Amino acid sequence: MTLHLHDTATRTTTALTPVREGAVSLYVCGPTTQGGPHLGHLRTFLAFDVLVRWLERSGYAVTHVRNVTDIDDKILAKAAENDAEWWAWSLRFERDFHALLDAVGNRRPDYEPRATGHVPEMIAFMERLIERGHAYPDGRGSVYFSVASLPEYGALTRQSPEDMQDSGEETEPGKRDRRDFALWKAAKESEPATASWDTPWGRGRPGWHLECSAMSLKYLGETFDIHGGGLDLRFPHHENEQAQSHAAGYGFAQRWMHSGMLTVDGLKMGKSLDNFVTAAQALAESPVPVVRLALVSGHYRANVEYNASSLREATTVWERFGAAARRAAEQLAGTEHAPAAAPDVDHGAVELPAEFTAAMDDDLAVPEALAVVHRELSALNALLAAGGEASAVAAGLARLRAMLDVLGLDPLGAQWQDAGAGDETEHHALDALVQAQLSARAAARADKDWARADEIRDALTAAGIRVEDGADGARWTLAPRS
């Protein structure tokens, strides 16, 4: 089976046929840096990180572009409220955004252009639209896209232009139609002079939608493979992007992919509902790989529920992954099959289980792929318990790590090798104490003092220590937190 992906525009799932054989071009709408990202943003960028990882694992050369909207109404307003320069305010949250995505193991895109760095490209784009009769200057410094000039407007979201009320923007005197949207916004006296640029139609700044069409054209060309973003961006943002790019005569995105929404305790996240969770809060309150696992475990197009129950489940699963991987690595240490130390790991050389590949090729069906991961985990644990051959253990560990790497969750990878282990000094101290108890338990068992052996095990269990007996003796792990 070849890779099949869903297209939001056509509502069909079809085989991926790239514009250029062997390569995939991807544009994902990035952050608007008026504040720190919330958990919904994190969910979207994690979904597309998994897409990039699977595309690369499938052998494609991926060009990934993700923009930064570093100037808009909200950024200017927030900066003014906090008595800050707008560009300094924007840069602050762009850096926060990068730090958070780095923390959860997201790969950086190949290009990450800022809107303010591409004004010449936007001016050229507007000139082309005006020449083709799809845009007009209002004589006051603004330029608008004429919705009525493009009969296909509304195709992405399957809406009729006649049924649309307006563009959702403020009514301005220079608009010919309430549905028209701003490509360029005239400078305002109330805004900083640094927040505007000269154009043939007057001084102003970019409209939200124009930047993505101009930057995707520059970095990916007139036609590219995939445009991605959160489901909430379909209208008006993505509809308007497609309209202005098609009106300019470009093929633009051949496929649209949108990630589903995130709910918290069963409700759409919102400050008015007191269930608003920032990405920073989530990562501060729970282990980082647990948050990542909780957010990528569902299908990317489905709504993801984030709550205490989902976090407990993700914690248990992550600890099982880590415990099995560490145990296997310890058993293989000193042998010819010892796993390579991070980052010198070549997961691409590992043949993935056919069922896992089939699931990921079916529109990134992560839940089904994780079912295969759990089967492989069980098989590896059985091998370890039975004292299996080192070669078999090594192969099982390699398959487990390679599958989890597709999800950005290799427990022995450089990103997570210490995650969940706690502070190293504390871990060694705890290990020394527990090993003393396990030695006492082993001695009791050797003397057939079963009551004493059970008493020691029960005491460890009560303290949150899980004991597993195997052919190579007893091992301990921390029990999942309830």
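Position numbers for residues start from 1 in each chain and track the written sequence from start to end. Local features in a predicted model are, by the rule used here, given only for residues with pLDDT of at least 70; side-chain atom pairs are given and counted only at 80 or more, and totals for whole chains, interfaces and linings are based on all residues. Just so you know, side-chain values use all the structure's heavy atoms and leave hydrogens and water out.

Turning our attention to the packing of helix α9 (residues 308–332) against helix α12 (residues 390–406). When two helices pack together, their arrangement is given by the angle between the helix axes and the distance between those axes. Angles run from 0 to 180 degrees between N-to-C directions of axes, and those axes are lines fitted to C-alpha atoms, restricted for helices to the stretch in contact. Every helix listed is a DSSP run of H or I at least four residues long, and every strand listed is a run of E at least two residues long, numbered separately from the N terminus. Running from N to C, α9 and α12 cross one another at 145 degrees; their axes reach a closest spacing of 10 Å. The interaxial crossing formed by α9 with α12 has left-handed handedness. Between α9, through Phe321, Ala325, Ala328, Ala329, Gln331 and Leu332, and α12, the contact on the second element is made entirely by Ala390, Val393, Ala394, Leu397, Leu400 and Leu404. Throughout this entry, Asp, Glu, Lys and Arg are counted as charged residues, while Ala, Val, Leu, Ile, Met, Phe, Trp, Tyr, Cys and Pro are counted as nonpolar. The remaining residues, Gly among them, count as polar. Considered class by class, the residues forming the contact of α9 with α12 number 11 nonpolar, one polar and no charged. The sense of a crossing depends on the near helix, which, turned anticlockwise from the far helix by less than a right angle, makes the crossing left-handed and, turned clockwise, makes it right-handed. What makes two residues a contact is simply this: any of their non-hydrogen atoms within 4.5 Å.

The next subject is the confidence of the model for the protein. Detailed reading of predicted coordinates is not advised where the pLDDT is low. The predicted model of the protein averages 91 in pLDDT, with 92% of residues at 70 or higher. Within the model, pLDDT remains below 50 along residues 421–426, and this stretch shows one contact once partners closer than five positions in the same chain are excluded. pLDDT expresses how confident the predictor is about each individual residue, on a scale running from 0 to 100.

Time to look at empty space enclosed by the protein. To find leftover empty space, a probe the size of one water molecule is rolled over the atoms. In this analysis the probe radius is 1.4 Å and the grid spacing 1 Å, with only protein atoms considered; a cavity is a set of points the probe fits into but cannot get out of, a pocket is an open set with protein on both sides within 12 Å along at least five of seven lines, and lining residues have an atom within 4 Å of a point. Grid points are joined across faces, edges and corners, and a volume is the space filled by probe spheres set on the points. Enumeration over the complete set of coordinates arrives at three cavities of 30 Å³ or more. Space inside the largest cavity adds up to approximately 70 Å³. Lining of the largest cavity is provided by Arg43, Leu46, Ala47, Val50, Leu295, Val296, Gly298, His299, Tyr300, Leu364 and Val366. Of all the secondary structure elements, the ones that give two or more residues to the lining of the largest cavity are α1 (39–57) and α8 (288–296). With four residues, α1 is the largest single contributor of residues to the lining of the largest cavity. Considered class by class, the residues forming the lining of the largest cavity number eight nonpolar, two polar and one charged. Roughly 60 Å³ of internal volume is contained in the second largest cavity. The greatest single-element share of the lining of the second largest cavity, amounting to four residues, is contributed by α1. Counted by class, the lining of the second largest cavity contains four nonpolar, two polar and three charged residues.

It is the contact of helix α2 (residues 73–81) with helix α3 (residues 86–103), at a shortest axis distance of 9 Å, that shows an interaxial angle of 105 degrees. When the interaxial angle is binned, α2 and α3 end up roughly perpendicular. Where α2 abuts α3, its residues Ile75, Leu76, Lys78 and Ala79 lie against Trp86, Trp89 and Ser90. By the definition adopted for this analysis, an angle is roughly parallel if under 35 degrees, roughly antiparallel if over 145, roughly perpendicular if from 65 to 115, and oblique otherwise.

Let us look at the sheet that holds strand β7 (residues 181–186). Two strands are said to pair when DSSP picks up at least two bridges between them. Within the open sheet, the four strands sit side by side as β5-β6-β7-β8. Their pairing is antiparallel. Of all the strands in the sheet, just β5 (135–137) and β8 (204–206) have a single pairing partner and so form its edges. Averaged over all pairs of adjacent strands, the angle between strand axes in this sheet comes to 20 degrees, irrespective of strand direction. Pairing of β5 with strand β6 (residues 143–145), which is carried by three bridges, proceeds in the antiparallel orientation. Considered in β6, the bridge of Pro137 is made with Val143.

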